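# Observations on chain architecture
Listed here are the chains, written in short residue letters.
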Amino acid sequence: MAIGFIGLGNMGFPMASRLAAAGHGVVTYDTRQEATERAKGFGALVASSPRDVADRTETVFASLPSLQASSHVAIGEDGVIGGSRIRLFVDLSTVGSQVAQRNHRHLMDRGIAALDAPVSGGVSGAQNGTLAIMVSGPRHQYDAVTALLTEIGRPIFVSEKPGGAQTMKLINNLMAAATLAATAEVVVMGAKAGLDPHVMIDVLNAGSGATHASRDKFPRAVLPRTFDYGFATGLMVKDVRLYLEEAKALGLPSQLAKATADMWELTLREEGAESDFTAIVKPLEKVAGVTVGEAAQ
Ligand code: NAD
């Protein structure tokens, strides 16, 4: 039986193509025709709407860029909710727990099960099938879909509570957002003081200041000045805002998250939503009057 896949962007395309390469028929939909045309290259069939995907497949995955797109695809007019064959909707997008819970409720009313399954590991993780996949929802549905999820990464069951995996994903991304922001700030400070950014990253990675930002993001996309890691600033801002909303709903002060959010909002204003999130270093460089990376050599 074919599976459905909606949203063929930086993450969705490689995930869908891995499922196809593992021998599954894939029925796809994306609002960008260019993306669905490209998906024909790995043998995908192209549907005319999310509902059409759900008329043709029992299990439908989605990887979408916004809360609105996720709600629209799940429960909107022409959404998978109206499909005649769908039994399970697996949302791989990061949308926060409220949207996940609302989608879950509406889908359940129509006899469709839902799992929220946000991912971490970036575009390279999606290409290599090494994503961390955080899953919440009915345990038996998770068990039923584990083999498929294993094709795209390592699934970890977080909670039976709908939205639980979304909260976990926001926690993960706040850590990623804070450590990239902190690494950008300290490396610019060191460059201003006359230190070599390459040496600084080497030292951080040999010492207790190492993070995923210093081990992977800086060497791959900041020091070579390529700014092509594959995650948009707008998406990181979405995740940081969602974290703050969830923490506020729990009555927590979140000082560090707020300081982190200020730096991401500044990057959004100065570099734009489409910029790669590694561009967070650029507004700091402007203020300091230094450039971190190749141009500094
Ligand atoms: P993207 O913008 O590259 O891709 C989103 C795709 O969805 C695009 O092809 C777009 O055309 C399509 N789309 C938008 N609205 C649609 C709709 N209504 N119906 C059908 N298709 C629609 O985004 P991405 O980087 O692939 O991220 C997808 C999700 O994964 C986001 O929630 C993001 O937060 C999360 N995520 C991304 C990364 C990363 O490194 N890029 C890592 C982990 C998690």
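Residues numbered from 1 in each chain as written. Predicted model: local features only at pLDDT ≥ 70, side-chain atom pairs only at ≥ 80, totals over all residues. Heavy atoms only, no water.

The name an unreviewed UniProt entry gives the chain is NAD(P)-dependent oxidoreductase, with Mycolicibacterium sphagni as the organism. Looking at the chain in UniProt, the text filed under Sequence similarities (unreviewed entry) is "Belongs to the HIBADH-related family." (UniProt positions renumbered as here; feature names shortened; annotations may be inferred.)

## Focus on the site of the ligand
Close contacts around the ligand come from 25 residues, with M11, D30, R32, L64 and K238 the closest. Contact distances for the ligand include 2.9 Å between an oxygen atom and a backbone N or O atom of N10. At 2.8 Å from an oxygen atom of the ligand is found a side-chain nitrogen or oxygen belonging to R32. Protein burial of the ligand: of its 840 Å² of free accessible surface, 88% is covered by the chains. When contributions to the shell around the ligand are tallied by element, the ones reaching two or more residues are α4 (67-75), α6 (122-128) and α11 (233-249). Partitioning the shell around the ligand into residue classes produces 12 nonpolar, nine polar and four charged. Counting the residues that make up the shell around the ligand, at least three belong to each of domain 1 (2-161) and domain 2 (167-296). (Near = heavy atom within 4 Å. Polar contact = N/O pair within 3.5 Å; in protein donor to acceptor, adjacent residues only side chain to side chain. Areas by Shrake-Rupley, 256 points an atom, 1.4 Å probe, with all protein chains shown as cover. Helix = DSSP H or I, 4+ residues; strand = E, 2+ residues; numbered from the N terminus. Nonpolar A, V, L, I, M, F, W, Y, C, P; charged D, E, K, R; others polar. Domains from an automatic or database assignment.)

## Focus on the UniProt feature "domain: 3-hydroxyisobutyrate dehydrogenase-like NAD-binding" (unreviewed entry) in the chain
With numbering aligned to this structure, UniProt lists the feature "domain: 3-hydroxyisobutyrate dehydrogenase-like NAD-binding" (unreviewed entry) at residues 163-284. In residues 163-284, the share of helix is 72% and the share of strand is 0%. The end C-alpha atoms are 35 Å apart.

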